[in-house]
There are 2 protein chains.
Amino acid sequence: MNKIITISREYGAGGHSIGLQVAEKLGVPFYDHDIVRETAKASGFDPELVESEGEDVSRTDSILKSICAVSSVNYKDTQETIHNVQKAIIVRLAQQGPCVILGRCADEVLREAGIESLNVFIHADDVHRAVRVSEMTGSNNATEIQRLMAKKDNSRHNYYNRYTGKKWGDSRNYHMTLDSGMLGYDLCIKIITETAQAMD
Amino acid sequence: MNKIITISREYGAGGHSIGLQVAEKLGVPFYDHDIVRETAKASGFDPELVESEGEDVSRTDSILKSICAVSSVNYKDTQETIHNVQKAIIVRLAQQGPCVILGRCADEVLREAGIESLNVFIHADDVHRAVRVSEMTGSNNATEIQRLMAKKDNSRHNYYNRYTGKKWGDSRNYHMTLDSGMLGYDLCIKIITETAQAMD
């Protein structure tokens, strides 16, 4: 397999788990928080701040703005710097060879850099996602789970739209989208893995 | 394979050809214009009129309105009648057993009727679609091809939105969406066929 696979996903749709297992089956690296750590190292920013800027726009609005206010740094410039360092790292990782990259607009970053990738979006119905989120967070509070799903999706949506100018979740931005609720994780992993192999 | 597969598609993305070959591989019937003919027979409407009402909303606006004006029939009622007859036929065909149904909001019609189906959307970039449309129509006029693609997509978009209240092409309305330009028709056929078989 000589493909780079990017995975975008709704919160609780299993994108992380599916991406990780696709990478394992294909014997290639899987990048998620590694990108954050690399960004932090390269940019000198606090890792927690970079992670929140990564996709959680609502957190950025509080953390980043307060830091910028205290340190008299321009908020927009700081956002741009973090995003640009992340972009450079994504491109560098992709240039090293086949891999699976999760989130962070990697699909659009690679497209802009002229690097071919198989771009996948994973989504699921609310029931399947709620069960998964409950499992991940240990919470049984339905209202809390619902609020968390809406907040996370909204952040990813805003982040994608802001940096790509495209609509997050529109099928035409991806080469393949899969409903992990209907298809199940194992079938999603099989479909992505075999598609990547068939494209060699 | 005991699945019903519905295929929605952008114009020129090869949805018809892909759907037909999936049906052949699975040994199940493929329904497209058959639905139109059945609707016509069942409703007493002119087949050409039913076909235009099927998905081409802009044609309907001229043909249907003029017929309704001449015959003093209510335009909206006529639209609804044709759509309802089509819905009933789609449900009846699905109840007969596994099959592939192209277009006509079959995904939503079956969802409403409580009949499980694998819902697929096929799209492609403009270059791949233009080449396909040129091949289908025999035209080499780029402006004409561009206009035709926009018109057909717009009609399908409007038809889907009008009858489902959902956004045509949004990945979250389908279990799987595929970019036939990037993946190629053969790989799309393989993915859909194997997914349907794996879900048995």
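Since the structure is predicted, the reported quantities are computational estimates derived from the model, not experimental observations.

What counts as what
Residues numbered from 1 in each chain as written. Chains lettered and ligands numbered in written order. Predicted model: local features only at pLDDT ≥ 70, side-chain atom pairs only at ≥ 80, totals over all residues. Helix = DSSP H or I, 4+ residues; strand = E, 2+ residues; numbered from the N terminus. Buried ≥ 20, exposed ≤ 12 C-beta atoms within 10 Å, placed from the backbone. Expected span 1.5 Å × (residues − 1). Arc of directions from axis to C-beta. Contact = placed C-beta atoms within 7 Å. Nonpolar A, V, L, I, M, F, W, Y, C, P; charged D, E, K, R; others polar. Pairing = 2+ DSSP bridges. Axes fitted to C-alpha atoms, helices over the stretch in contact; angles between N-to-C directions.

**Student:** Explain the environment of histidine 16 of chain B to me, using residue names and the numbers behind them.
**Tutor:** Residues and elements named next belong to chain B. Inspection of the secondary structure puts histidine 16 in helix H1 (residues 15–26). Judged by the 17 C-beta atoms lying within 10 Å of it, histidine 16 falls in the partly exposed class. Expressed as a C-alpha distance, the spacing of histidine 16 and glycine 169, which sit 153 residues apart in the sequence, is 16 Å.

**Student:** I'd like to hear about helix H10 (residues 185–198) of chain B, residue by residue, with values.
**Tutor:** The end-to-end C-alpha separation of H10 of chain B is 20 Å, in line with the 20 Å expected for 14 residues at 1.5 Å each. For H10 of chain B, every residue scored as buried is listed here: Tyr185, Cys188, Ile189, Ile191, Ile192, Thr195 and Ala196 of chain B. Viewed along the axis of H10 of chain B, the buried residues span an arc of 165°, placing them on a single side of the element. Each element contacted by the buried residues of H10 of chain B is listed here: helix H10 (185–198) of chain A together with strand S1 (4–9), H1, strand S4 (118–123), strand S5 (176–179) and helix H9 (180–183) of chain B.

**Student:** Which residues make up the interface of chain A and chain B, and what values do they have?
**Tutor:** Taken together, the contact pairs 17 residues of chain A with 17 residues of chain B. Elements that contribute at least two residues to the side of chain A that touches chain B include exactly strand S4 (118–123), strand S5 (176–179), helix H9 (180–183) and H10 of chain A. Broken down by class, the residue content of the side of chain A that touches chain B amounts to eight nonpolar, six polar and three charged. Alignment of S5 of chain A against S5 of chain B, held across three bridges, turns out to be antiparallel. Bridging across to S5 of chain B, threonine 177 of chain A finds its partner in threonine 177 of chain B.

**Student:** Lay out unusual backbone geometry with the relevant residues and their values.
**Tutor:** Phi at arginine 104 of chain A is positive, roughly 55°, even though this residue is not glycine. With 26 C-beta atoms packed within 10 Å, arginine 104 of chain A lands in the buried category. One non-glycine residue with positive phi stands out, namely cysteine 105 of chain B, at about 55°. On the basis of neighbour counts, which here come to 27 C-beta atoms within 10 Å, the residue cysteine 105 of chain B falls in the buried class.

**Student:** Quick rundown of the sheet that holds strand S2 (residues 30–31) of chain A? Include the residues and the values.
**Tutor:** Taken in spatial order, the 10 strands make up an open sheet running S2(A)-S3(A)-S1(A)-S4(A)-S5(A)-S5(B)-S4(B)-S1(B)-S3(B)-S2(B), and their pairing is mixed. Every other strand in the sheet has two partners, leaving S2 of chain A together with strand S2 (30–31) of chain B as the edge strands with one partner each. Contacts from H1 of chain B reach S1, S2, strand S3 (99–102) and S4 of chain B, with the element oriented near 170° to S3 of chain B. H10 of chain B contacts S1, S4 and S5 of chain B of the sheet and is inclined by roughly 170° relative to S4 of chain B.

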